[in-house]
Amino acid sequence: MSDMTTETSGTETPGITAKAEQSGLAKRWELLIVVAITLIFLFLVPAFISGFRLGLLGRFLSLAIVALGIDLIWGFTGLLSLGHGIFFALGGYAIAMNLQLNTLPEGAIPDFFSLYGVSQLPWFWQPCYSSGFSPVAIFLIPSIIAGLLGYLVFRNRIRGVYFSILTQAALVVFFNFFNGQQKLINGTNGLKTNTTELFGMSVGGNVMQFYFYCATVVFLALAYLLCRWLTSGRFGRMLIAIRDDENRVRFSGYDPTAFKVLVFAVSGGIAGIAGALYTVQSGIVSPQYMSIAFSIEMVIWVAVGGRASLVGAIVGALVVNWGKTLLSEQYPDIWLFFQGALFLIVVTVLPDGIIGWFRYRAKDDLRSLFGKPPVVATYPRLEVDETVRQEADLYGKTQPVDPTTSTAPIKSGENS
Amino acid sequence: MTAAATQSSSQSSPAQAPPLLDIKDVTVSFDGFKAINGLNFQVGDRGLRVIIGPNGAGKTTFLDVITGKVQPTEGKALFKGKDIKSMPEHAIARLGIGRKFQTPRVYLNLTPRENLELSCNRVKTVWHTLFKPTPKAEARTVGGLLQTIGLTANAHTPAALPSLVEKQWLEIGMLVAQSPDLLLVDEPVAGLTDEETERTGDLLLSLAESHGVIVIEHDMEFVRQIAQQNKVTVLHEGSVLCEGTMDEIQNDPRVIKVYLGDPDAI
Amino acid sequence: MNTLITTLFNGVSIGTVLLIVALGLAIVFGLMGVINLAHGELMMLGAYTTYVVQNGFKTYLGTESQGLYIWAAIPLSFVVAALVGLALERGVIRFLYGRPLETLLATWGVSLILRQFVRSVSWGMVGGLLAFCGLFFGGKWLLGKSARIPSYRQNLVTTGLFLLSGAIAWFVGSNINNDPQLARPWFSARNVDVTAPGWLQGSIRVTAGIQFPASRLFIIVLTLLCLLGVYLFLQKSAWGLRIRSVTQNRDMSACLGIPTAQVDAVTFALGSGLAGVAGFAVTLLGSVGPNLGVNYIVDAFMVVVVGGVGNLLGSVIAALGIGIVTYLLGSGTMVRLLGGADGGAVVSFFDFFATTSMAKVMVFALIILFLQVRPAGLFPPKGRSAEV
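Computed from a predicted structure; not experimentally measured. (Residues numbered from 1 in each chain as written. Chains lettered and ligands numbered in written order. Predicted model: local features only at pLDDT ≥ 70, side-chain atom pairs only at ≥ 80, totals over all residues. Heavy atoms only, no water.)

What follows concerns the overall build of chain C. Looking only at helices and strands, chain C has 16 helices and two strands in total. A compact globule built from 388 residues would reach a C-alpha radius of gyration of about 21 Å, and chain C, at 24 Å, matches this within 12%. Here chain C holds 388 residues, and 48% of them are scored as buried. By element, 67% of the accessible surface of chain C is carried by carbon and sulfur atoms, the whole surface being about 18200 Å². Distance between charge centres in chain C, computed from 23 positive and 12 negative side chains, equals 9 Å. (Helix = DSSP H or I, 4+ residues; strand = E, 2+ residues; numbered from the N terminus. Rg over C-alpha atoms; globule rule 2.2 N^0.38 Å. Buried < 20%, exposed > 50% of the residue type's maximum accessible area, 1.4 Å probe, protein only. Areas by Shrake-Rupley, 256 points an atom, 1.4 Å probe, with all protein chains shown as cover. Lys, Arg positive; Asp, Glu negative; His and termini not counted. Charge placed at Lys NZ, Arg CZ, Asp CG, Glu CD.)

What follows is the structure, given as structure tokens:
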């Protein structure tokens, strides 16, 4: 055994530079593809589908943005949040409050206040007069709240299901707060945006709705790139490391709390943007955005698409919501059966979601459907295992395997 | 192997400089049960120290105290002269204490190379991890480590696949990559074959030439292999029973009594 | 003095409702570590069982037997919920042990299905379900007995069988549904009311100024009995011993010959049955609807988390504490104690939280604060087994 510490500065590992170039090229290609898809959605898709369907698509795409946020914390970091409705709704409220005030003449207050005998605008509405405040608030306020909540929870090493339960409880609290405060925020009725105006145009009008659709597509692409950047480099590996073994991370000298707080805050901010875009496209924000069921639904989008896969999150959100629209139009009373079954199926049969299935199991499953046995693989791979190579040299056998099929697929399962 | 030379240097150092790790009268009690009871312990900045003791002697709790997982109820734990009693684990790790767990704990969904790179990272803040790419020098270090632990060929398959011994070594590699001053190794050979055990022993001895190493072990054959001229500490019921070379320990009547029972009683 | 006693009583009364709901959860979550989001729906099933039993008594035994139905309803709601829980454990949860987050999602799916089930259950649906279960499981059993299928063809065969029996069941169900009498949903989505027996509707006068509603008192007594029963079961019975041993060390218990799978099933059924009893209890307080469970489930989880997982005493204290604090805040008692509506900033602060929903907000904030001091609850699990 040679000394590890002296050798570390020695041999140059072959292929490092080549690999770096390769990954740089792959990144450029990926960026190109993202831009291409964005352009297709911006210019081609609106030409082919009706305004109503386009509105639906815009809403689904904004839900796909939340799914990205959920994937970031659940798929990669292993934190299952059941409270993302909070951040989604906060984003929605932030933009709705601004739109309401923007539409009114100077000094007037929204109509609903008069119903409850309130004549003065509550203090937290004041900053919403400024049109510079809202665009910042829709992601800043949710991420600050997420960061704060995350800090209080992660600091005490509360994780796993306890974290999930606490986020759910926080959701109930926020729901109660918004639902109960008629005098401050119009309570259970929520705030309407489709009767308001922006830049002199009606927010509910066709032109404005088309702009919002375009904004959603662009924000989805940006959110994707942000998440991709966060999860691809060292930071992303750190997130997976936290998911796999948080204590090991701690004993390696990292402070997982800081990483978790940051990623939770980012995820909350993304949800806030999504909430704002969804609000302006559906015309209303109400405490229902913070219902328990909606927040868990967000999780299932990611699960259906495939955890720890950003494309999966987007695909999952689109597929589930599109299916929901179709099915609940056809069979309104049994949609819940389908949804319940979806939860069960995803968890038991498709733990890696659609993308994960394609990546790891599609080949074997299709083979077994036609009654053929699965392809087996070995570890270590036969073509790199020293013993096998030595024996091959000794006995003069040729290398027996096809390198494309010999690596065992490994599930990116979650370790909770 | 130059373990003897290492040993002499570590024996001469305590006189001049403060010891690397200094445990003073530490007591840890869980609801009245004293897992560690008035423990005193010191190691120098180089060389290997083996800790043995029967089950329940407080060996793992002892490591927990040093790494900050458990806070001592009483007493002081000094590392490089600093009190680490109330520091969080990651701060202690950054000070220079690395720990290997009893069962290998590596990040199963990352490749061995990524595992090592995370440990190798010098500046472990969020900011740095997010915005700075892995420096060339670190990539080289990782490449060398991969070769040493024999995982170069499998550097790019997830670490869930390697065998137990490869994971044990990968974890030791991660410790080295962290470049701590003190390595704590908890039962590194549990479940390994004789040949693997011997190779692991050699690895630990070579590490002890430049680091302080504390090994906790049950396997007496292995202890004999790595102890050589190094000191062995016997823990019993939460405090040090005796310290000395392997030969001294083996002939100490107290140790025999603890391990085999009271000869008079038989 | 009267205020104090009334406050205490009302607080304890809220606390015991929480406790009886959380008791089953404390067993399922606390002892087994299973997050069962369908717990509230098991409760709902217990409540609907009570409703059915009451109607049955009214129809077949006449109105004079009204007061007696609860003696049948309590055990029956336990049994129904326990059986559904057993099916849930055997059918879904046992495949997901060690994967708590997946369990959480799967049980949420089950809860959605159960909620929709009580909304739309009809004879046609029941017929279809029975046909499906008979065909699918019967078919699997037959195939397992007679035909030798290689393992990699199992999927194909199961899928085929599933589709086939599904189609037949659909046909059977829709045929039954052709008869409008049979197609009518049993309960529909509307809330139903359970009338409490006469002797539970009044109040019991303690002194001149203090009256306790009888139904509240009954719930307190019922909770105490359940608590006592669970305690005795866990501490004195053979199964209780097995449950405790599996909780402490599953592998060791398995090595010693304890059938851990059966223990899991029994534990889960017990917890579910208690949810059923809780469902009975809440019928005394209000109407029964498909969404009954959702209102309680989060509070019940909070009770278990604050009490410390795996500790019944902790749950008891937490439930009573949360109950009393909720009542103090929510009923405005805090405001009155501090001297009325015009007492400065402190009073107006408490006045802001003096509704039921705002009290919840405050209580949650207090729970978060509490967890900063004691992250693992009042009675944290101890020793190495507590490490994750």
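Tallying secondary structure elements over chain A gives 17 helices and four strands in all. Relative to its 416 residues, chain A shows a buried fraction of 52%. For chain A, the share of sequence-separated contacts (at least 6 apart) that also reach a separation of at least 24 residues comes to 77%. By element, 65% of the accessible surface of chain A is carried by carbon and sulfur atoms, the whole surface being about 18300 Å². (Contact = heavy atoms within 4.5 Å.)

On to the interface of chain C and chain A, then. By convention, interface size is frequently given as the accessible area that disappears when the constituent parts associate. Across the boundary between the two partners, chain C contributes 44 residues, which contact 49 residues of chain A. At the junction of chain C with chain A, the criterion picks out one salt bridge. The closest approach of N and O atoms between R307 of chain A and E102 of chain C, which form a salt bridge, is 3.2 Å. Grouping the amino acids of the side of chain C that touches chain A by side-chain chemistry returns 32 nonpolar, seven polar and five charged. (Salt bridge = Lys/Arg side-chain N within 4 Å of Asp/Glu carboxyl O. Nonpolar A, V, L, I, M, F, W, Y, C, P; charged D, E, K, R; others polar.)

Residue and element names in this part refer to chain C. If you check the domain split of chain C, you get domain 1 (2-121 + 185-387) and domain 2 (122-184). Spacing between the C-alpha centres of domain 1 and domain 2 amounts to 35 Å. The partner domain 2 presents seven residues to the five residues of domain 1 that form the contact. Taking both sides of the interface into account, the surface hidden between domain 1 and domain 2 amounts to around 520 Å²; carbon and sulfur atoms contribute 69%. When the buried area of domain 1 at its contact with domain 2 is split by residue, F117, P185 and W186 rank highest and sum to 75% of it. Summed over the shared surface of domain 1 and domain 2, the number is zero salt bridges. (Domains from an automatic or database assignment. Buried area = accessible area lost by both parts, 1.4 Å probe.)

Residue-level contacts link 47 residues of chain A with 68 residues of chain B. Here chain A packs against chain B, burying approximately 4900 Å² in sum over the two surfaces, 61% of which is carbon and sulfur. For the pair chain A and chain B, the interface holds six salt bridges. Note that R105 of chain B is salt-bridged to D245 of chain A, the shortest N-O span being 2.7 Å. Scanning the region where chain A abuts chain B turns up 14 residue pairs in polar contact (both at pLDDT 80 or more). Those elements that place two or more of their residues in the side of chain A that touches chain B are α1 (4-7), α2 (16-48), α9 (206-232), α10 (234-244), α11 (246-251) and α12 (256-282) of chain A. (Polar contact = N/O pair within 3.5 Å; in protein donor to acceptor, adjacent residues only side chain to side chain.)

It is worth spelling out a negative patch on the surface at this point. Taken together, D194, E195, E198 and D219 of chain B make up a surface patch of like negative charges. With a relative accessible area of 48%, E198 of chain B lands in the partly exposed category. (Patch = residues over 30% accessible without salt bridge, like charges linked within 9 Å, V, L, I, M, F, W, Y side chains within 5 Å.)

All names here are of chain A. Note on placement: S282 falls in helix α12. Owing to a relative accessible area of 25%, S282 belongs among the partly exposed residues under this scheme. For the pair formed by S282 and L56, sequence separation is 226 residues and the distance between their alpha carbons is 8.9 Å. With sequence-adjacent residues up to four places away left out, S282 is seen in contact with R59 and Y289.

Once that is clear, we can look at the confidence of the model for chain C. For chain C, the mean per-residue pLDDT works out to 83, and 94% of the residues sit at or above 70. For the stretch residues 383-388 of chain C, pLDDT sits under 50, and the model shows five contacts to residues farther than four places along the chain or on other chains. (pLDDT = per-residue confidence, 0-100.)

This part is about the pattern of salt bridges. Summed over all chains, the structure comprises 25 salt bridges over all chains. The salt bridge partner of K80 of chain B is D181 of chain B, with a shortest N-O separation of 2.6 Å. In this pair, K80 of chain B sits in the loop between β4 (74-79) and β5 (82-83) while D181 of chain B sits in the loop between α7 (164-177) and β7 (182-186), placing the two residues 101 residues apart along the sequence. The class of D181 of chain B is partly exposed, set by a relative accessible area of 30%. One salt bridge in this structure joins E221 of chain B and R224 of chain B, with 3.4 Å as the shortest N-O distance. Here the residue E221 of chain B and the residue R224 of chain B both occupy positions in helix α9 (residues 220-227), the gap between them amounting to three residues, near one helical turn. Here E221 of chain B falls in the exposed class, since its relative accessible area comes to 58%. Taken together, the salt bridges that share partners define one network made up of R237 of chain A together with R113, E114 and E117 of chain B.

This part is about the sheet that holds β4 of chain B. Residue and element names in this part refer to chain B. An order of β2-β1-β4-β5 is seen for the four strands of this open sheet, with the pairing classed as antiparallel. Two strands close off the open sheet at either side, each with one partner strand: β2 (33-43) and β5. One ladder, built from five bridges, connects strand β1 (residues 21-30) with β4; its direction is antiparallel. Across the sheet, residue T27 finds its bridge partner in β4, namely E74. In the packing of helix α2 (residues 59-67) onto the sheet, contacts are made with β1 and β2, and the angle to β1 comes to roughly 115°. (Pairing = 2+ DSSP bridges. Axes fitted to C-alpha atoms, helices over the stretch in contact; angles between N-to-C directions.)

What follows covers the side chain of T167 of chain A. Residue and element names in this part refer to chain A. Among the structural elements, T167 can be located in helix α7 (residues 161-180). Taking relative accessible area as the criterion, T167 reaches 5% and is therefore assigned buried. A distance of 2.6 Å separates a polar side-chain atom of T167 from the backbone oxygen of S164. In this structure T167 touches L80, S81, L82, G83 and F264, once residues within four positions along its chain are discounted.

This next bit is on the sheet that holds strand β3 (residues 47-52) of chain B. All names here are of chain B. Sheet architecture is open: six strands sit in the order β6-β7-β8-β3-β9-β10, paired in mixed fashion. Two strands close off the open sheet at either side, each with one partner strand: β6 (97-100) and β10 (239-244). In this sheet, neighbouring strand axes are inclined to one another by 20° on average, regardless of whether the strands run parallel or antiparallel. In this structure, β3 lies alongside strand β8 (residues 212-216), joined through five bridges in parallel fashion. Looking at β8, one finds that I51 is bridged to I216. Sitting on the sheet, helix α8 (residues 194-208) is in contact with β3, β7 and β8, with an inclination near 130° to β3. Contacts from helix α11 (residues 253-260) reach β3, β9 (232-236) and β10, with the element oriented near 125° to β10.

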